[in-house]
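# Breakdown of the fold
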Amino acid sequence: MTRASAGEPGADDGDSVVYDLAAECTADDVEHGQAYLAEINGIVDYGVFVDLSDSVSGLVHESVLEGTYGVGDELVVELEAVRDNGDMAFEPADVGDDYAVDAVAHDYSLTGTDRLEATIGDQIHLEGEVVQVKQTAGPTIFHVADEYGVVPCAAFEEAGVRAFPTVEVGDVVRVTGTPEHREGSVQIEVDGLSKLEGEDAEDARERLAEALEARAEPHDVEPLIDWPAFEKLRPNLQEVAKLLRRTVLEGRPIRVRHHADGDGMCAAVPVQIALQRFIAEVHEDENAPRHLIKRLPAKAPFYEMEDATRDLNFALEDREKHGQQLPLLLMLDNGSTAEDVPAYETLSHYDIPIAVVDHHHPDPEAVEDLLDAHVNPYLHDEDYRITTGMLCVELARMIDPDITDELRHVPAVAGLSDRSKADAMGDYLELANEVGYDEERLQDLSEALDYAAFWLRYNSGDQLIQDLLQIDSNDEERHRELVSFLADRARDDVDVQLDAAMPHLEHEDLDNGAHLYRIDVENYAHRFTYPAPGKTTGEIHDRKIEETGDPVITVGYGPDFAVLRSDGVRLDIPQMVTELEEEIPGGGVSGGGHLVVGSIKFVKGKREEVIDALVDKMEDAEIDEALSSAAPIDD
């Protein structure tokens, strides 16, 4: 046992010492020949029963007692004997009237969550931080995180009644209980739970923080290909990987918002699966991966207020209903622009960290103060040709390197989906070919992903997308048949759409030598079906590039929007949008995207003025035959 002097007067003058056991002390803390402070809890004909702690009690026989006693009286006793059956007998201790009291704390042998399987059925002690408190119809479930993982601890007061009501998320606690198997997971059945205070709490927090810092470190993996441009972004990706691993270790949920296109899914799905596997490694609860990470597609290439308010509402409901912490938001293939700011400012009123991995042209001054981490090639003098999918494959490997073999083809799919002209595309295509994905198969997969994303709309379609990408999915035959079917359907639907739209295409030769094609996709294309206006514009653009071999700009417009594609013309769409905002008062102009690929919104009554001004800017742009579009239109 550990004794701590209570500082009673006379302790240094040779007075007797009486030890006061802490509530959690056990029989192992009681020694022969020592005096202990006890409380009488029962009186019978043959003596009195005394408590020295919550679990240490025994009998003082009437033959050694003098005087009369009542329940609740204090009595100083010492151990007389321990019976064969474990019962303890005490007798009054001769300490006189003047004595010092020393508090005795229990010496705990702590068991980590990494050793629970070996202690099934045995009582153990565990220290950690409460990361979730969930009240069920039966027990209260405290999820406690120590140096090694997170374990659910079930404490029962009575059905549906909150046990240990003063213990909240963020408290450091000591749990005494018995590990048991429950529905395929390990759960601790709680005998006692106490909140650590003062120095004990500080020591525990320091120990937990050191362990968490070490375990949050991402894996040091070599990139799939040798690519100098990527090396500039690698340290930032490592920071995001560490942030995500730390978030899992802290028991905080993660919500992944991503652009609902091929590159966005090639970015989000590998990270989702890597995090699910790390969550399963950290948490004893087999349902944790399902509850702690959700992938949420977004149609817009920025974080819309509709999505932000919906995400915030669900997060607050989960905190109220399930005792969860508020989530970390991970934005992939969007999130870098001024259009994201209103949504971010909404979340800033709550404890919701935000990390962004994107390759759209950023507005760093607008977003940086609102983000906890930001990875974007433009921040390192690179551009959109490094797609988000390429970056996130490496991010997923930093979280869980065992996923590597399942991802070797994914960067090539991401690049083809976004029409990347990056120097590394040849290496990525070769890497994919080594694992059985030739370029035709990769193109089919890109088309199939885009087609599936359109019909899934706001649904993540986890299993379907995993089957298409063949990540965490082993049915090769189904994968090939599914990709072929969806790719064929996509191409057929594109043909139907273009058969209707092409006769209405308007053409003019710009003074700078470029061809300009315009199409009213609201009136001269099928609505609410595949392909969407952005994809329709992109398909027309690609056909005109192939047909003319010259610099081409294509504009698809509706009542209050326009989508733009350019090859061979040096455009800067984000800059053009900024200029139009100033030049057309009341136009409500907004938008952006990549330099030569983007979208613009405006008020309906200003459509003609906005598009005319846009064409004037395109006509003033320089011709650059080395410049080509590198991504699909953002719908």
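Quick look at the structure, then. This structure is a prediction, so every number in the text was calculated from the model and none was measured.

All right, on to the pairing of strand β20 (residues 515-520) then. Most of β20 is tucked away: 6 of the 6 residues are buried. On β20, burial covers both faces: H515, Y517 and I519 on one face and L516, R518 and D520 on the other are all buried. Linking strand β19 (residues 506-509) to β20, which pair antiparallel, is a turn of 5 residues; within it G513 sits at a positive phi near 95 degrees. In this structure, β20 lies alongside strand β21 (residues 552-557), joined through 6 bridges in parallel fashion. Residue L516 lies in a different strand from β21, and its bridge partner there is I553. The β-α-β motif built from β20, the intervening helix α15 (residues 533-548) and the parallel element β21 has right-handed crossover chirality.

Take the sheet that holds strand β16 (residues 328-332) next. In space, the 5 strands of this open sheet follow the order β15-β14-β16-β17-β18, with parallel pairing throughout. Looking along the sheet, the strands with just one partner apiece sit at the ends: β15 (293-298) and β18 (373-375). Geometrically, the sheet is characterised by an average inter-axis angle of 15 degrees between neighbouring strands, direction not taken into account. Pairing of β16 with strand β17 (residues 354-357), which is carried by 4 bridges, proceeds in the parallel orientation. The residue of β17 that forms the bridge with M331 is V356. This element, helix α4 (residues 262-282), spans β14 (254-259), β15 and β16 of the sheet and lies at about 170 degrees to β15.

Pairing is mixed in the closed barrel, where 5 strands are placed in the order β9-β10-β11-β13-β12. This sheet shows a mean twist of 55 degrees between the axes of neighbouring strands, independent of strand direction. Sheet topology note: the strand β9 (residues 124-135)/strand β10 (residues 140-145) ladder contains 6 bridges and is antiparallel. From the neighbouring strand, Q135 faces β10, where its bridge partner is T140.

Here the amide bond leading from Y530 into P531 is cis, since omega sits at 0 degrees, within 30 degrees of zero. Counting through the fold element by element, P531 comes out in the loop between β20 and α15. Residues other than glycine seldom take positive phi values, yet E183 does so here, at roughly 50 degrees. Note on placement: E183 falls in the loop between β12 (172-182) and β13 (185-195). A positive phi is found at R457, a non-glycine position, where the angle reads about 55 degrees. Looking at the element boundaries, R457 is found in the loop between α12 (439-456) and α13 (462-469). Owing to a relative accessible area of 36%, R457 belongs among the partly exposed residues under this scheme.

Packing of α12 against helix α14 (residues 476-501) leaves a shortest axis separation of 8 Å and a crossing angle of 70 degrees. Taken together, the axes of α12 and α14 are roughly perpendicular relative to one another. On α14, the residues that touch R441, Q443, D444, L445, E447, A448, Y451 and A452 of α12 are E476, H479, R480, V483, L486, A487, R489, A490, R491 and D493. Class assignment for the residues of the contact of α12 with α14 results in 8 nonpolar, 2 polar and 8 charged.

Cut-offs and rules
The numbers attached to residues start from 1 for each chain and follow its sequence in the written order. Residues qualify for local features only when their pLDDT is at least 70, as the model is predicted, and side-chain atom pairs are given and counted only at 80 or more; totals for whole chains, interfaces and linings, by contrast, use all residues. Working from all heavy atoms in the structure, the side-chain values ignore hydrogens and water. For each residue, the accessible area found with a 1.4 Å probe, counting protein chains only, is set against the maximum for its type, and the residue is called buried under 20%, exposed over 50%, and partly exposed in between. Under the scheme used here, helices are H or I runs from DSSP no shorter than 4 residues and strands are E runs no shorter than 2 residues, and both carry numbers assigned from the N terminus. Each pair of strands is called paired provided DSSP finds at least two bridges between the two strands. Whether a crossover is right-handed depends on one test, that the path from the first strand over the helix to the second runs clockwise when the strands point away from the viewer. Each axis is a line fitted through C-alpha atoms, and for a helix only the stretch in contact is used; angles between axes span 0 to 180 degrees, taken between their N-to-C directions. Pairs of residues are marked as contacts when any of their non-hydrogen atoms sit within 4.5 Å. The scheme is simple: roughly parallel for angles under 35 degrees, roughly antiparallel for over 145, roughly perpendicular for 65 to 115, oblique for anything else. In the scheme used here, Gly and all other residues not listed as nonpolar or charged are polar, with Ala, Val, Leu, Ile, Met, Phe, Trp, Tyr, Cys and Pro taken as nonpolar and Asp, Glu, Lys and Arg as charged.

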